[in-house]
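Here are the chains, one letter per residue:
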Amino acid sequence: MTRWFDDFLTLIYRILLLYAAWMLCRIGFYGYNAELLGSLSGAEIPFLLAGSLLFDSVSIFYLNIPFIVLSLLPLRAREHKSYQQMLLWLFVLVNSLGLMVNLADIFYYEMKLGRIASDDLHFLSNGNFGLLLGSFLHDYWFGFLAWTAVGALLWLGFKRIGYRPTRIQNTLSYHASQSGLLAVSVLFAVFMIRGATFSAAVYPINISDAGLFASPSQSALVLSNPFCILRTVSDRFDNPAYFSEEELERIFSPVHTPAPVDTSRFRVEGQPNIMLIILESFGSAHIKELSDQFAPDEPSYTPFLDSLIRQGYIFRNAYHNGSRSLDALPALWASIPTFKRQFLSMPQSMSQFDALPELLREQGYSTAFLHGAVRKSMSFVAFGNTVGMEHFWSQEEYEEEHSKEDFDGKWGIWDHKFFPYAAEKIGALPEPFFATLFSLSSHHPYRLPPGFEGRYPLGNTPNHKMYGYSDQALGQMFEQMSAQPWFENTIFVLTADHGYTADNEKYLKVPYNFAVPLLFYSPSGIIPAGSDYRPAGHIDVMPTLLGMTGYNKSYFAFGQDLLADTLPGKTINYMGAFNIITDQLLYIFNEHDFVEIYHYRDDPLQQVNLAPLFSVDDEHMQWGKAFIQQYYRHVNNRKYTVP
């Protein structure tokens, strides 16, 4: 004899099958990224499991509302075999797509140090998306097999659970009982989608809520997709209100007003050329001159860059203010960081800017951007047009003038081919010029050009040989440029867009996993050699260059002039929580509380949490909260200029 709630039990078993699939993905996520996420203690596991179930519930019920409704519609038709077959296909197809993103997170995490969000889908618009997809499928074929296996698990599990129809003869009883079950199920689904609450005070559950269950460094282990994508599709952010308007402007303002007297340490006379070089994935962890983790006899992967660092003014405690390549140009050109969502992927990036290219053009500079990928890549050229770049040279221009034989098959033109082309184009610009060159080859899939194998130290990670290759191409380009008359009158700024996974524990921890070189170098010696240990960020490059060149108007920038005499030095970035980096301390802020504070120089592995020793009126805490409030205030209003 069947029971009136057999359909409901069948649905529960099918939903539990989804929980098992999502949990398998999480186990795979941790297994693959254990080195980046760190070890787990027994005391942490119950909280991680509780958070995992919460965020998995949001993903599962978001995807399966149609399936739940169709499974419990009070219609006799659902008892037919064809109807159940339709439910099977709906169940497998929808959830396989959701699990595809969840599995992709496993392999993407090491590149971004965060879960896939809606703004990561910019790859779909890349001109070489098909090639990139083929490359990822080739390199992570085992992930594709895992996805196939999980899809098979859903199919076989659904079939194994089977279906026992509820045969209630009385029509009124049938419709009443089944309508009640449907209503309860939909209500429960909404409850789970809201984060297991009906309280308006805590809805909607957000990515930052992972901090309730895990430390910021392990919050990605709690999160799941499609939750992260769905929660990042909104055009607007909530505006935090930590301070009143008057307090906010007093603590931190992004409006820069020229000082009545020159406070720059290295005021440059005249109008020097400026060349900004962004080295793909050249994190400080892999640069011997910047990392203290190299053994004395360990070979350098970047011998030319090491030599240049010794000749220039280097910020040895510098960090990027985003997570991906796409985040570097807004930070470097417009002094705008990226936190939870990529700035260039948001509608709020379509606005006017007080950006470095445009402000230098006002001073008579010609401007250019050079990158060996296709013009559509990463929205670089589109953003360059917005902020005042006049000239662009990309893969298309290179191949028109040379050939298509120098394409690396994935991203663009090999560095050793594109760098001399870039030097030639820059040399033809009217002086003074501001040129930005973005390298390309030191990137996944970490393959050297034909004939270059065996030339560079292999090191401990796949990218080490690529650093050697790109570093050699950089050295050859500098040799080529040094013969040009404009070379001596040029300020070179060298940095990296972001880092890459490290081969030691220190550089896997915040803030060091954000560490990048930041070098100011002038062949003529107008910028003396030296080392600066104050914290610095990408967002500080624009104000620093404007200060060096004597820009005398007000402008908008979230960063600070690194060479102003009065600067104490601090910067900010985001990875599961906000990281405020000061001269000695790292403050980790989850938007509500400063949950962790470390003396990161003496305690790089974060063994002693100092947060209980600090009061809420600490000046660095105040600065960090004011910075965040100003950031979201201006992003929501699309206001990045001084009236």
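You'll find the structure just up there.
Let me sum up the structure you'll find in this document. Everything numeric here is computed off the predicted structure, so don't read it as measured data. (Residues numbered from 1 in each chain as written. Predicted model: local features only at pLDDT ≥ 70, side-chain atom pairs only at ≥ 80, totals over all residues. Heavy atoms only, no water.)

**Some points on the sheet that holds strand β8 (residues 490-496)**
With respect to topology, eight strands assemble into an open sheet ordered β6-β5-β7-β2-β8-β9-β3-β10, the strand pairing being mixed. Of all strands in the sheet, those with a lone pairing partner are β6 (391-393) and β10 (530-532), marking the two edges. Taken pair by pair, the neighbouring strands of this sheet meet at an average axis angle of 15 degrees, ignoring direction. In this structure, strand β5 (residues 366-371) lies alongside β6, joined through three bridges in parallel fashion. (Pairing = 2+ DSSP bridges. Helix = DSSP H or I, 4+ residues; strand = E, 2+ residues; numbered from the N terminus. Axes fitted to C-alpha atoms, helices over the stretch in contact; angles between N-to-C directions.)

**Here's the deal with the packing of helix α1 (residues 6-37) against helix α5 (residues 141-161)**
Put simply, α1 and α5 touch, their axes get as near as 10 Å, and they point 160 degrees apart. The orientation of α1 relative to α5 falls into the category roughly antiparallel. The way α1 lies across α5 gives a crossing that is right-handed. Contacts between α1 and α5 pair T10, Y13, R14, L17, L18, A21, L24 and Y32 from the former with F142, V150, L153, L154, G157, F158 and I161 from the latter. Split into classes, the residues belonging to the contact of α1 with α5 amount to 12 nonpolar, two polar and one charged. (Parallel < 35°, antiparallel > 145°, perpendicular 65-115°, else oblique. Left-handed = near helix turned anticlockwise from the far one by under 90°. Contact = heavy atoms within 4.5 Å. Nonpolar A, V, L, I, M, F, W, Y, C, P; charged D, E, K, R; others polar.)

**Focus: the sheet that holds strand β14 (residues 578-581)**
With antiparallel pairing, four strands are arranged side by side in an open sheet as β13-β14-β15-β16. Pairing within the sheet leaves two strands with one partner each, and these edge strands are β13 (571-574) and β16 (594-598). Looking at each pair of strands side by side, their axes are set apart by 20 degrees on average, direction ignored. Looking at chain direction, strand β15 (residues 586-589) and β16 are connected through four bridges and run antiparallel. The residue of β16 that forms the bridge with Y587 is I597.

**Focus: the pairing of strand β2 (residues 273-279)**
Within β2, seven of the seven residues are buried, which leaves the element mostly enclosed by the surrounding structure. Along β2, one buried face is formed by N273, M275, I277 and L279 and the opposite face, lined by I274, L276 and I278, is buried too. Pairing analysis gives seven bridges linking β2 to β8, with the strands arranged parallel. Across the sheet, I278 pairs through a bridge with T495, a residue of β8. (Buried < 20%, exposed > 50% of the residue type's maximum accessible area, 1.4 Å probe, protein only.)

**Overview of the nonpolar core**
In terms of nonpolar packing, the biggest core is built from 83 residues, with F315, W333, F343, F353, F434, L518 and F520 touching the most fellow members. Ranked by residue count, the leading element in this core is helix α18 (residues 619-637), at eight residues. Among residues more than four places away in sequence, those in contact with F343 are D327, P330, I336, P337, T338, Q348, S349, F353, Y631, V635 and Y640. (Core = buried A, V, L, I, M, F, W, Y, C linked by side-chain atoms within 4.5 Å.)

**Here's the deal with the packing of aromatic side chains**
For the structure on display, the rule yields 53 aromatic pairs. Ring plane angle 50 degrees and centroid distance 5.4 Å describe the contact between F304 and F478, whose orientation is recorded as tilted. Taken as a pair, F304 in helix α10 (residues 303-311) and F478 in helix α16 (residues 464-482) lie far apart in primary sequence, 174 residues in all. In this structure F304 comes out as partly exposed when scored by relative accessible area, which is 22%. A ring pair is formed by F339 and F578, whose centres lie 5.0 Å apart and whose planes are at 80 degrees; its orientation type is edge-to-face. Residue F339 is found in the loop between α11 (325-334) and α12 (356-362), and its partner F578 is found in strand β14; the two are separated by 239 residues along the sequence. Residue class for F578 comes out buried when judged on its relative accessible area of 0%. (Phe/Tyr/Trp six-rings, centres within 6.5 Å; stacked < 30°, edge-to-face > 60°.)

**As for unusual backbone geometry**
Here the residue pair E431 and P432 is connected by a cis peptide bond, since its omega of -5 degrees sits within 30 degrees of zero. Inspection of the secondary structure puts P432 in the loop between α15 (415-427) and β7 (433-438). For the bond running from H444 to P445, omega is 15 degrees, close enough to zero to count as cis. By the secondary structure assignment, P445 is in the loop between β7 and α16. Of note in the backbone geometry, Y446 takes a positive phi value of approximately 60 degrees without being a glycine.

**What about α10?**
Within the sequence span of α10, burial applies to L305, D306, L308 and I309. For α10, the angular spread of the buried residues around the axis is 165 degrees, confining them to a single face. (Arc of directions from axis to C-beta.)

**Regarding the pattern of salt bridges**
Following the criterion strictly, the structure yields 14 salt bridges and no others. Between R26 and D56 there is a salt bridge, with the nearest N and O atoms lying 2.7 Å from each other. Taken together, the residues R26 in helix α1 and D56 in helix α2 (residues 45-72) connect sequence positions 30 residues apart. Classification of R26 by relative accessible area gives buried; the value is 6%. Looking at D56, the relative accessible area reads 1%, which means it is buried. One salt bridge in this structure joins E591 and K340, with 2.7 Å as the shortest N-O distance. Here the residue E591 occupies a position in the loop between β15 and β16, and K340 occupies one in the loop between α11 and α12, the gap between them amounting to 251 residues. By the burial criterion, E591 is buried, and K340 matches it. Within this structure, E245, E249 and R633 form a network of salt bridges that share partners. (Salt bridge = Lys/Arg side-chain N within 4 Å of Asp/Glu carboxyl O.)

**Looking at the packing of α15 against α16**
Packed helix pairs are characterised by how far apart their axes lie and by the angle those axes make with each other. Two elements in contact, α15 and α16, have axes whose closest approach is 9 Å; the angle formed by their N-to-C orientations is 25 degrees. When the interaxial angle is binned, α15 and α16 end up roughly parallel. Where α15 crosses over α16, the two elements pack in a sense that is right-handed. Residues D415, H416, F419, P420, A423 and E424 of α15 form the contact with α16, whose participating residues are Y469, S470, A473, L474, M477, Q480 and M481. Residues of the contact of α15 with α16, tallied by class, amount to eight nonpolar, three polar and two charged.

Shape is all these values report; function is a separate question.
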